[in-house]
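Here is how the chains run, residue by residue.
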Amino acid sequence: MKTEKKLLIAFILNLSFSVFELVGGIMTGSVAIFSDAIHDVGDAVAVGLSYLFERKSKRNPDKQYTYGYGRFSVIGGGFTTLILIFGSITVVYYAVERIFRPVEINYDGMILFAVVGTVVNLAAVYVTRSGDSVNQKAVNLHMLEDVLGWVVVLIGAVLMRFTNLIILDSIMSVGISLFILKHAISHLISIVHLFCEKVPKGISVDCVKEKLSSLSGVLDVHHIHIWSIDGEHHCATMHIVTKEEVTNIKLKIRETLKQFNITHITIETEREEEFCGNRQCLIKTSTEVCCDCHQH
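Residues numbered from 1 in each chain as written. Predicted model: local features only at pLDDT ≥ 70, side-chain atom pairs only at ≥ 80, totals over all residues. Heavy atoms only, no water.

Considerations on the pairing of strand E2 (residues 234-242)
Strand residues, when the strand is regular, have side chains that alternate between the two faces of the sheet. With eight of its nine residues buried, E2 lies for the most part within the structure. Between strand E1 (residues 218-228) and the antiparallel strand that follows it, E2, lie five residues; Gly 231 among them carries a positive phi value of about 90 degrees. Between the parallel elements E2 and strand E3 (residues 262-270), the chain passes through helix H8 (residues 246-257) in a crossover that is right-handed. (Buried < 20%, exposed > 50% of the residue type's maximum accessible area, 1.4 Å probe, protein only. Helix = DSSP H or I, 4+ residues; strand = E, 2+ residues; numbered from the N terminus. Pairing = 2+ DSSP bridges. Right-handed = clockwise from strand over helix to strand, strands pointing away.)

In structure tokens form, the structure reads like this:
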């Protein structure tokens, strides 16, 4: 099943259940259910946006977007995460307020809604379980956290049913929201790193340089830049010093870089006597060995 179709199914499930939750929150008087309903409405909007951005991201490169539209998927993941962060902060605010202004709760109704919530969100997790795009990972994270949230609500509702400790409702809401907030912020940081063109996670520039330098015919590798378009498709540019025939060297390099999932590669070849225009070399003194190039 394509990523876009999975996101569409997740959107329909999330939006439908959000309405169900809003009614449940009002009927039971549970701030945990009502706040989760608000959170799920935000999720539904976010998943809807993710679906649109994911469709856009599949378009082929053109004269306007020469690297393709992959980062639209990342933008979708960013919107989803920001909405989740805002929703979590809102829930914490209302849950803390309810601690000081407790109300009666329909525990049996709360248990029923928690069971339904767990089942529906498990279905959404199953639908979005596979896929490597930042966008789909963000949506799947939402769905998984919703499942955990409903399990906690279910356990809390059962405890309140037998202890009548109403404050547990607010405590659960705060705990679930802080848990979600922590993971959402972590995901947002990874998206920021991607847009700042940080070296993709799991790739070491030193390791790449070592692998390429060990290739027969490669005298030196420098001016290496590695980044990712969307968290899946990685790019690299570099200068290669060689005496051998250029075509063979490029084939070796491209084959080696496949193990790092680097598929878009730009290679500039140089001879030993050629002066590299890299600024890092230009700022070196004439007597100092340039660590980035082979020049003295």
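Considering the packing of helix H3 (residues 71-100) against helix H6 (residues 167-195)
Where H3 meets H6, the closest approach of the two axes is 8 Å, and the angle between their N-to-C directions is 155 degrees. Considering the angle they form, H3 stands roughly antiparallel to H6. For the pair H3 and H6, the sense of crossing is left-handed. Taken together, the residues that form the contact of H3 with H6 break down as 22 nonpolar, eight polar and two charged. (Axes fitted to C-alpha atoms, helices over the stretch in contact; angles between N-to-C directions. Parallel < 35°, antiparallel > 145°, perpendicular 65-115°, else oblique. Left-handed = near helix turned anticlockwise from the far one by under 90°. Nonpolar A, V, L, I, M, F, W, Y, C, P; charged D, E, K, R; others polar.)

Focus on the pattern of salt bridges
Where side chains of opposite charge bring their charged atoms close, a pairing between them can arise. This model, assessed by the stated rule, comprises two salt bridges. Among the ionic pairs, Asp 108 bridges to Arg 161, the shortest N-O distance being 2.9 Å. Residue Asp 108 is found in helix H4 (residues 107-127), and its partner Arg 161 is found in helix H5 (residues 134-163); the two are separated by 53 residues along the sequence. Judged by its relative accessible area of 39%, Arg 161 falls in the partly exposed class. Across the pair Lys 258 and Glu 255 runs a salt bridge, and its minimum N-O distance is 3.5 Å. (Salt bridge = Lys/Arg side-chain N within 4 Å of Asp/Glu carboxyl O.)

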